[in-house]
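Close look at the chain arrangement
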Amino acid sequence: MAAKKAEQAKMTEKKAGDNIKTIGVLTSGGDAPGMNAVIRAVVRTALANGKKVKGIRRGYAGLLDEDIIDMDAKSVADIIQRGGTILYTARCAEFTTPEGQDKGAAICKKHGIDAVVVIGGDGSFQGARKLAARGVNTIGIPGTIDLDIACTDYTIGFDTAINTAMEAIDKVRDTSTSHERCSIIEVMGRHAGYIALWCGIANGAEDILLPERYEENFEQRIIDNIKEKRSLGKKHHIIINAEGIGDSYEMAKRIERATGMETRATIVGHIQRGGSPTCRDRVYASMMGAKAVDLLCEGKNNRLVAYKDGKLVDYDIEEALAMTKDLDDYMVTMSKKLSRK
């Protein structure tokens, strides 16, 4: 009986997948290197499965404005190596309202879009969930440099972002060493410290400031650390600061006054979002894009593609959004031990 029910469920899902004729694809929220590789994979995998594809430009804002284009294999040629997103991206306050969500679902129906692949972060997936509740099949793909989506070990763009930041920090270290300075280098991560932690380890930073491990007295700890290391002959000091911690420029002034050591702040900024994606980001993005289309063809809906324990998997979006994530305690502890001298 159980086997028969399982077979019936598979047949129902297959029929639902067959009913999908046109797939829409959009990028939403902050851009991330590798998004173009996802778009390319979605378009070409869908075409290979006999589906039509429509690109929705400027995320949910573009959906509400009906900024929708037909896509074919040629439209995604020569984009896998490009940073950013050829579909552009935007944030959309209107789509957070029930009225905006109703309008979005109606526009999908008007344009014959049976399913939408949403590439973005948690906020983008909230929108995908709302579309799914209104009869539009949706699959989410994690595209964010922050690595802060709980259900997945990998997010598209993170690898490129940390390599971009690492190279920039290496260059700042060169001049910081030459001038015997303290350098505070601010990387992206308003609420997530993954970029700061990885770069802090990779760049051999003396101090790493993480939103998840915020300490009220962190500046005094850094000041004491600088003084101690200078007494041991250390002539420069590198601090990696996640942007969510606070104003790096003001922090630099306070540390210089307290230590007497010339201190400069450098903000790596939006170069972390741009640039040609790494091999890892291109390959994983392509796999995730193809997986999203495969799920739709299987009749799946309201799912999120993830990379977990070395495998591509998928979760119900509701389940995925309810998950929580924290920094790896061993990485944090190890980073402190490696910074000692």
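The following paragraphs examine the structure supplied in this document. Just so it is clear, the structure is predicted and the values come from calculations on it, not from any experiment.

Counting its secondary structure elements, the protein chain contains 12 helices and 11 strands. Based on the C-alpha atoms only, the size of the protein chain along its principal axes is roughly 75 × 45 × 35 Å. Taken across its 341 residues, the protein chain has 52% of its residues classed as buried. A separation threshold of at least 6 residues defines the contact pool for the protein chain, and within that pool the share at least 24 residues apart is 74%. Entry remark: accessible area of the protein chain is about 15,600 Å², with carbon and sulfur atoms responsible for 49%. If the 50 positive side-chain charges of the protein chain are averaged to one point and the 48 negative ones to another, these points end up 3 Å apart.

Now for the pattern of salt bridges. Counting across every chain of the model gives 21 salt bridges. Among the salt bridges present, the one from Glu206 reaches Lys234, with a minimum N-O distance of 3.1 Å. Linking Glu206 in the loop between helix H7 (194-202) and strand S7 (207-209) with Lys234 in the loop between helix H8 (218-231) and strand S8 (237-242), this pair joins segments that are 28 residues apart in sequence. Judged by relative accessible area, Glu206 falls into the buried class, the value being 6%. Since its relative accessible area comes to 16%, Lys234 is described here as buried. With a closest N to O distance of 3.0 Å, Asp207 and Arg221 form a salt bridge. Residue Asp207 is found in strand S7, and its partner Arg221 is found in helix H8; the two are separated by 14 residues along the sequence. On the accessibility criterion, Arg221 (30% relative accessible area) is partly exposed. When salt bridges with common partners are traced through the structure, they connect Arg57, Arg58, Asp65 and Asp67 into a single cluster.

The subject of this paragraph is the sheet that holds S8. Spatially, 4 strands are ordered S7-S8-S6-S9 in an open sheet, and the strand pairing comes out parallel. One side of each edge strand has no neighbouring strand; the edge strands of this open sheet are S7 and strand S9 (263-267). Between one strand axis and the next, the sheet turns by 15° as a mean value, whatever way the strands run. Across 3 bridges, S7 lies against S8 in parallel orientation. Note on S8: the bridge partner recorded for Asp207 is Ile239.

Conventions we followed
Residues numbered from 1 in each chain as written. Predicted model: local features only at pLDDT ≥ 70, side-chain atom pairs only at ≥ 80, totals over all residues. Heavy atoms only, no water. Helix = DSSP H or I, 4+ residues; strand = E, 2+ residues; numbered from the N terminus. Buried < 20%, exposed > 50% of the residue type's maximum accessible area, 1.4 Å probe, protein only. Contact = heavy atoms within 4.5 Å. Areas by Shrake-Rupley, 256 points an atom, 1.4 Å probe, with all protein chains shown as cover. Lys, Arg positive; Asp, Glu negative; His and termini not counted. Charge placed at Lys NZ, Arg CZ, Asp CG, Glu CD. Salt bridge = Lys/Arg side-chain N within 4 Å of Asp/Glu carboxyl O. Pairing = 2+ DSSP bridges. Axes fitted to C-alpha atoms, helices over the stretch in contact; angles between N-to-C directions.

Take it as geometry only, folks, not as evidence of what the structure does.
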